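# Secondary and tertiary structure notes
Below are the chains, spelled out letter by letter.
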Amino acid sequence: MGVSRLLAKAWVLFCLFAGLYALAHAAGGAQALSAGAVGHILAIAGLFVATGLLFVAGYAAATNRISALFATLRAPGFHDLVFLVFALTSFLVQTAYLPGAPGGDPLGALAAAIGFAVPGQETLASVLGACGLAGDRLIASDFAWLLAFVYVGSSLSRLRLAAGIIRLERKLRPDPLTPTGTALLTGLAAVALIQLLYVGSLYSLLPCHLWQGIAADLLIGQSPLVLAYVLVAALTNLIAMGAEA
């Protein structure tokens, strides 16, 4: 799992879900989305995807990894498909279910469980409460964390298989960063995301006006799953460094 692949996947998913949240915001303010609004949002999202991939492809070409990069984009693996399903589920719950859903014991139990397991949820609840935005946003974050835990748990049993595939790919196309460099970069990214999201250091740094837009929706609904994906990638690259994966 090279750096160029991770960058390409991250950028495509960011643009995809940013566009979906933009469509959800536009639909919330009108009875029906106009074709012009949909086309405008899709055009902007597509432009951002193309621009980001241009830079990632430039890095891949400079390191002779361009064929591996586009092969990955054409054929997502099992972990990628599971991640995409979970991310779409989180998006649908956040934008379609929670705005009109009544509260109840299941949601309260979920909030209590995630609040116990994720230290950053207390900080997030305090920040959203101070901004007058508690409620659906906090529940959406709880649900996203639940999916993140499920994703990590389901991926742990396949780490050695994924590590073995990475070792075979490296024999065919050596990574210029070396296995140690890739494991170090993904490990540092995982540690940083744990501090920012799981511990919650990021939440208190954001002003209230940023919690009402598309960036906040992405942060609340998708960032726990991104953390889970990066953590699994870091563990996979670490195991792949061994003599036998």
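Scroll up for the structure.
Residues numbered from 1 in each chain as written. Predicted model: local features only at pLDDT ≥ 70, side-chain atom pairs only at ≥ 80, totals over all residues. Heavy atoms only, no water.

### Quick word on the environment of Cys131
Its place among the elements puts Cys131 in the loop between α6 (120-130) and α7 (136-156). Cys131 sits 81 residues away from Gln212 along the chain, and the two C-alpha atoms are 9.6 Å apart. What Cys131 contacts, discounting residues up to four positions off in sequence, is Cys208 and Trp211. (Helix = DSSP H or I, 4+ residues; strand = E, 2+ residues; numbered from the N terminus. Contact = heavy atoms within 4.5 Å.)

### Some thoughts on the state of the cysteines
For the structure shown, the criterion picks out one disulfide. Across the disulfide, Cys131 is cross-linked to Cys208 (sulfur-sulfur distance 2.0 Å). Its torsion about the S-S bond being -80 degrees, the disulfide of Cys131 and Cys208 is classed as left-handed. Of this pair, Cys131 sits in the loop between α6 and α7 while Cys208 sits in the loop between α9 (178-198) and α10 (214-221); the two residues are 77 residues apart in sequence, bridging distant segments of the chain. Judged by relative accessible area, Cys208 falls into the partly exposed class, the value being 35%. (Disulfide = S-S within 2.5 Å. Buried < 20%, exposed > 50% of the residue type's maximum accessible area, 1.4 Å probe, protein only.)

### A short note on the packing of aromatic side chains
This structure, assessed with the given rule, holds 10 aromatic pairs. On the basis of an interplanar angle of 80 degrees and a centroid distance of 5.0 Å, the ring pair of Tyr21 and Phe91 is categorised as edge-to-face. With Tyr21 in helix α1 (residues 3-28) and Phe91 in helix α4 (residues 78-97), this residue pair connects regions lying 70 residues apart in the sequence. The buried category is assigned to Tyr21, whose relative accessible area is 0%. Taking the relative accessible area as the measure of exposure, Phe91 reaches 10% and is therefore buried. Ring pairing ties together the aromatic residues Phe83, Phe86, Tyr151 and Tyr229, which thus form one cluster. (Phe/Tyr/Trp six-rings, centres within 6.5 Å; stacked < 30°, edge-to-face > 60°.)

### Things to note about the pattern of salt bridges
Side chains that carry opposite charge are capable of pairing whenever their charged atoms lie near each other. Applying the stated criterion across every chain, the model contains one salt bridge. Lys9 is the partner of Asp80 in a salt bridge, and the nearest nitrogen-oxygen pair spans 3.1 Å. One end of the pair, Asp80, is in helix α4; the other, Lys9, is in helix α1, with 71 residues separating them in the sequence. Assigned by exposure class, Asp80 and Lys9 land together as buried. (Salt bridge = Lys/Arg side-chain N within 4 Å of Asp/Glu carboxyl O.)

### Section: the nonpolar core
In this structure, Trp145, Tyr151, Tyr203, Trp211 and Leu225 are the most contacted members of the largest nonpolar core, which totals 41 residues. Listed by contribution, the elements that provide at least two residues to this core are α1, α4, α5 (105-117), α6, α7, α10 and α11 (223-240). Top contributing element to this core by residue count: α7, with eight residues. When near neighbours in sequence (up to four residues on either side) are disregarded, Tyr203 contacts Gly120, Thr123, Leu124, Val127, Trp145, Leu197, Trp211 and Leu219. (Core = buried A, V, L, I, M, F, W, Y, C linked by side-chain atoms within 4.5 Å.)

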